[in-house]
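A look at the structure
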Amino acid sequence: MTAPAPSSVPGSTVTSLGSSHVLLTGGTGFVGQAILERLLSSHPDTTITLLIRPKAGTSALARLRHLLKKPVFASWRERVGTDEVERALTERLRVVESSLGALPALPSDLDVVIHSASTVSFDPPIDQAFDTNVGGAVGLYEALVAAGGDPHVVHVSTAYVGGIRKGVFPEAALRHDVDWRAEHAAARDARARVEAASRQPETLRGFLAEGRAGHGKTGPQAVAAAAEEARVAWVAARLVDYGRTRAETLGWTDVYTLTKAFAERAAEQIWAAEGHRLSVVRPAIVESALRHPYPGWIDGFKVADPLIMSYARGLLPEFPGVPDSVLDIVPVDYVVNVILAVAANPADASSAAAGAGTAAGDVDAVTSAPAPEPQYFHVASGNSNPFPILRMFDNLKTFFTANPLPRDEHTSIPVPTWNFPGVRKVEGAIRTAQRTNDWRERVLVRLPSTARTRTSLTDVQTRRADLESLQSLTDLYRHYVQSEIIFDDRRTRALHDGLPEEAPADIGFDVTDIDWEDYFQTVHFPSITAMTRAFSVRPAAAGAVLDARALPHRTDVVAVFDLEGTVLDSNIVEQYLWVRSNGFRKAAWPAEVASLLTGLPAYLRAEGRDRGEFIRAFLRRYAGMPVSRLKGVVRSAGYAETVRRHTLPEALARIAEHRAAGHRTVLVTGSIGTLATPIAHLFDEVVASTMHERDGVLTGYLAQPPLVDEARAAWLAQWALEEGIDLSGSYGYGDSHADLAWLEMLGNPSAVNPDANLAREALRRRWSIRDWSRARGSSASGTSTAPAVGTTSKGEGDRV
């Protein structure tokens, strides 16, 4: 049973809350802000207590002061003046600093409670959804019972608590026999179960494999961090899936509507069944204001807005909805007007009936105390002023054809035409596009990194984000855009019809007055496009960024240069060949080349796994070489000339710029420091590996671990501390994904001729990307700002 419908006789609906003491939850949210503004501006004699959670070191009162500066309160602030705003803060507004899960004692003199707090996500992890929507309601109503008062509770729910159904959904209590307390307990246990599953050895091995594949060259800590990040993401995804699947198996669209339905049952059993007054307001899809506080007021994206803006940006080539399905939208000011009208018109106690107003089949119903029947009000437009999806498409096409979003300074984004092929075909097209995009990325990361491949890689990443967004929208809104449910709103219409004839127009809520074309074309679409600055020309999501600013003159910063691929257009294999070509007879070359080619597959595998492993394996080729011969080769004119020809002119110029600006310059390499002798004089420090020797002969082993990836990062942190270097103002230049660990420590990192994986990270992080090339046939010393590369050195340069 439900309470009888309100009288529709004009004047029978009370419009004033008088001097009521109102408790408001969710006051910082979208609907809550609008309720608070109405209470302040239209109900000046009320006292308002707000539950506000401290956040990020900001007290609840400070959050309230900040809240009152938002646009929704602008008209009220201007009308009453600064002194009245301060008076309201000290006399009318009271703050209870608490979250819903841990409530202190509440006032016993409350007249009205408006519970509008809830999660704003359709698809949160199941435990979060239950803790916020169900646990929050339970905590509130138990605290109200403990307070000993008898306020009229207005519980703000959603019209979609009816679940997956067709036809008319009445303004009445939900009929289901689900044990919501057991579901709440299971949801809270779900996280522990999923967390335990994520820590099973077989699951962890998968995360480690994923981490090694993407970050093996960066170092073990990067692998561990990536593996843990993958585990946390897996847990979140599993908990989201738990919620979505459990909701559907119980007949609800998603975990949001499921938990809102259970919150209604908690209100009925904990509050109404104890003889207290309860009204439940169920809004449909709440969007921007039609009239109050001003046309188009909205606070952030709401339910329909991601779909709208995705269409405008050309990201929705097709729509997974049914063209005749009703998009049940209602302006936020209509919702607030209903909530406050309901608050001022509680159920008449004379309507109490035996069995205190809970749903049939509810085994937990308390029947000992007669109570006013709970009231249920739908704030929806689909029954009285329907707006089907096809009509929404016509409005979208009309507006964004006349007002297209800019692609760049010269072109606009064309809007798609929907043919409504059905959700299965739309989802199939998305999956095909994702597979194609993934294949393209696999090809690109195997190609040499060039400006062209980096641009293509950026396109791939942008395309992936667009497809993931499209898939998410399809998953989230599937039921809403195919809905065949109609929300009965006779009680709400009767409440409106009972408003006094002299009542201001902006407190009404007759949805038949809404001209949808006018609302969308002149109010809502302009509002959300202005909010997102959609018509501003945005910089291309592109690729390479280059910081071309002049270097500041400082003595407390360092410029760290990797050697291979950054300063030299070479690698340690080529350096080995340079040494051999200057110290071997020509007759020995065929055997040496054959040996090198035979070992090449193993070297490539090692390089793919771990940079240090590759260096250790390759430097074994120096075994048996006398130290004196190696030094003699490096001092020779032939070797120095080879180094000169392979030194990148842009690198020389950049080194010179740093030195002119007073910066320390450091060259780092995982190879043998002796090999860098011809360019050592360009740097203040050369940090490199040293080979182990016995009796003046190289053994093929390193004297200490190679300074690469995370080892280089650890050295840099310690060296900077000892030398008083400010890393946040310092510079780094590297070419390999293995350089990521130390580059990210610096305030000004640059990826130089980066490999595909470093290029991807640099693009994502908006680092500078520099393409340095060797000028064929010209001298590296020909750049006027670059010092010459010669044979002068600072000794062997093996300084670690």
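Below, the structure is looked at part by part. Each chain has its residues counted from 1, running along the sequence as written. Totals for whole chains, interfaces and linings use every residue, but because this is a predicted model, local features are given only for residues with pLDDT of at least 70 and side-chain atom pairs only at 80 or more, for both listing and counting. The basis for every side-chain value is the complete set of heavy atoms in the structure, and neither hydrogens nor water enter the calculation.

Looking at the overall build of the chain
Put simply, DSSP H or I for four residues or longer makes a helix, DSSP E for two residues or longer makes a strand, and each gets a number counted from the N terminus. Within the chain, the secondary structure is distributed over 25 helices and 19 strands. In this scheme, a residue with accessible area under 20% of its type's maximum is buried, one over 50% is exposed, and one in between is partly exposed, where area comes from a 1.4 Å probe on protein chains only. Across the 800 residues in the chain, those meeting the buried criterion constitute 53%. Intrachain contacts of the chain at a sequence separation of at least 6 include 78% that bridge at least 24 residues. All accessible-area figures derive from a Shrake-Rupley calculation using a 1.4 Å probe, and residue coverage is judged against the displayed protein chains alone. Counting only carbon and sulfur atoms, one obtains 52% of the accessible surface of the chain, whose full area is about 33900 Å². In this analysis, two residues are considered to be in contact whenever any of their non-hydrogen atoms come within 4.5 Å of each other.

Considering the environment of L667
With respect to the secondary-structure elements, L667 resides in strand β13 (residues 664-672). Judged by relative accessible area, L667 falls into the buried class, the value being 0%. Residues L667 and V687, spaced 20 residues apart in sequence, show a C-alpha to C-alpha distance of 6.1 Å. If sequence neighbours within four positions are ignored, L667 has contacts with F561, D562, L563, V567, A676, I679, F683, E685, V686 and V687.

Overview of helix α25 (residues 756-765)
When we look at burial in α25, the residues that qualify are A756, L758, A759, E761, A762 and L763. Positive backbone phi, at 60 degrees, marks R766, one or two positions downstream of α25.

With respect to the layout of surface pockets
The space that makes up the largest pocket amounts to roughly 1300 Å³. When contributions to the lining of the largest pocket are tallied by element, the ones reaching two or more residues are α1 (30-42), β2 (47-52), α5 (126-147), α9 (255-270), β8 (285-287) and α14 (451-477). Tallying contributions element by element places α1 first for the lining of the largest pocket, with four residues. Grouping the amino acids of the lining of the largest pocket by side-chain chemistry returns 22 nonpolar, 18 polar and seven charged. The pocket and cavity definitions rest on a 1 Å grid over protein atoms only: a 1.4 Å probe that fits but cannot leave marks a cavity, an open set with protein on both sides within 12 Å along at least five of seven lines marks a pocket, and residues lining either have an atom within 4 Å of a point. Grid points are joined across faces, edges and corners, and a volume is the space filled by probe spheres set on the points. Polarity classes work like this: nonpolar for Ala, Val, Leu, Ile, Met, Phe, Trp, Tyr, Cys and Pro, charged for Asp, Glu, Lys and Arg, and polar for all others, with Gly in that last group.

Looking at the nonpolar core
Put simply, a nonpolar core is a bunch of buried Ala, Val, Leu, Ile, Met, Phe, Trp, Tyr and Cys residues held in one set by side-chain atoms that sit within 4.5 Å of each other. Grouped together as the largest cluster of nonpolar side chains are 141 residues, with contacts concentrated most on L36, I114 and L144. Sequence-distant contacts of I114, that is, excluding residues within four places in its chain, are made with V22, L23, L24, T25, I35, V154, V156, I339 and L340. In this structure, L568, Y639, L698 and Y733 belong to the second largest nonpolar core, which totals 46 residues.

Examining the packing of aromatic side chains
Centre distance within 6.5 Å is the pairing criterion for rings of Phe, Tyr and Trp, where only the six-membered ring of Trp is used; planes under 30 degrees apart are then read as stacked, over 60 as edge-to-face, and the remainder as tilted. In total, this model carries 30 aromatic pairs according to the counting rule given. Centre to centre, the rings of Y576 and F618 are 5.5 Å apart; their planes meet at 85 degrees, and the pair counts as edge-to-face. One end of the pair, Y576, is in helix α17 (residues 572-583); the other, F618, is in helix α19 (residues 611-619), and 42 residues separate them in sequence. By relative accessible area, Y576 is classed as buried at 1%.

What about helix α8 (residues 220-250)?
Given a helix with a known number of residues, its expected span is that number minus one, times 1.5 Å. Taking 1.5 Å per residue as the helical rise, α8 with its 31 residues ought to reach 45 Å, and the 45 Å between its terminal C-alpha atoms agrees with that figure. For α8, the elements touching its buried residues are α5, α6 (180-198), α7 (201-215), α9 and α23 (709-723). Where α8 ends, the next residue or the one after it, G251, has phi of about 100 degrees, a positive value.

Digging into the sheet that holds β2
DSSP bridges decide pairing: two strands pair if at least two such bridges lie between them. In space, the seven strands of this open sheet follow the order β3-β2-β1-β4-β5-β7-β10, with parallel pairing throughout. Only two strands of the sheet have a single partner each, and these edge strands are β3 (93-97) and β10 (375-379). Averaged over all pairs of adjacent strands, the angle between their axes in this sheet comes to 20 degrees, without regard to strand direction. Pairing of strand β7 (residues 278-283) with β10, which is carried by five bridges, proceeds in the parallel orientation. Considered in β10, the bridge of P283 is made with V379. Axes here mean lines fitted to C-alpha atoms, for a helix over just the part in contact, with angles spanning 0 to 180 degrees between N-to-C directions.

Structural notes on the packing of α6 against α8
Look at α6 against α8: their axes get within 10 Å of each other, and the N-to-C directions meet at 145 degrees. As α6 packs across α8, the resulting crossing turns out to be right-handed. Contacts between α6 and α8 involve E183, A190, R191, R193, V194, E195, A197 and S198 from the first element and R231, W234, V235, R238, L239, Y242, R246 and L250 from the second. The residue makeup of the contact of α6 with α8, split by class, is eight nonpolar, one polar and seven charged. Here is the rule for handedness: rotate from the far helix to the near one, and if that takes an anticlockwise turn smaller than a right angle the crossing is left-handed, while a clockwise turn gives right-handed.

Structural notes on a nonpolar patch on the surface
Like charges within 9 Å and nonpolar side chains (Val, Leu, Ile, Met, Phe, Trp, Tyr) within 5 Å are joined into patches, using only residues over 30% in relative accessible area that form no salt bridge. Here, a salt bridge means any side-chain nitrogen of Lys or Arg that lies within 4 Å of a carboxyl oxygen of Asp or Glu. Residues V593, L597, L600 and L604 make up a contiguous nonpolar surface patch of roughly 360 Å² in combined accessible area. Here L597 lies in helix α18 (residues 589-609).

Observations regarding the packing of helix α10 (residues 305-312) against helix α12 (residues 389-402)
At their nearest, the axes of α10 and α12 sit 10 Å apart, and the two run at 45 degrees to each other. Taken together, the axes of α10 and α12 are oblique relative to one another. Here α10 and α12 pass one another in a crossing that is right-handed. Between α10 and α12, the residues in contact are I308, Y311 and A312 and M392, F393, L396, K397 and F400, respectively. Taken together, the residues of the contact of α10 with α12 sort by class into seven nonpolar, no polar and one charged. Roughly parallel here means an angle under 35 degrees, roughly antiparallel means over 145, roughly perpendicular means 65 to 115, and every remaining angle is called oblique.

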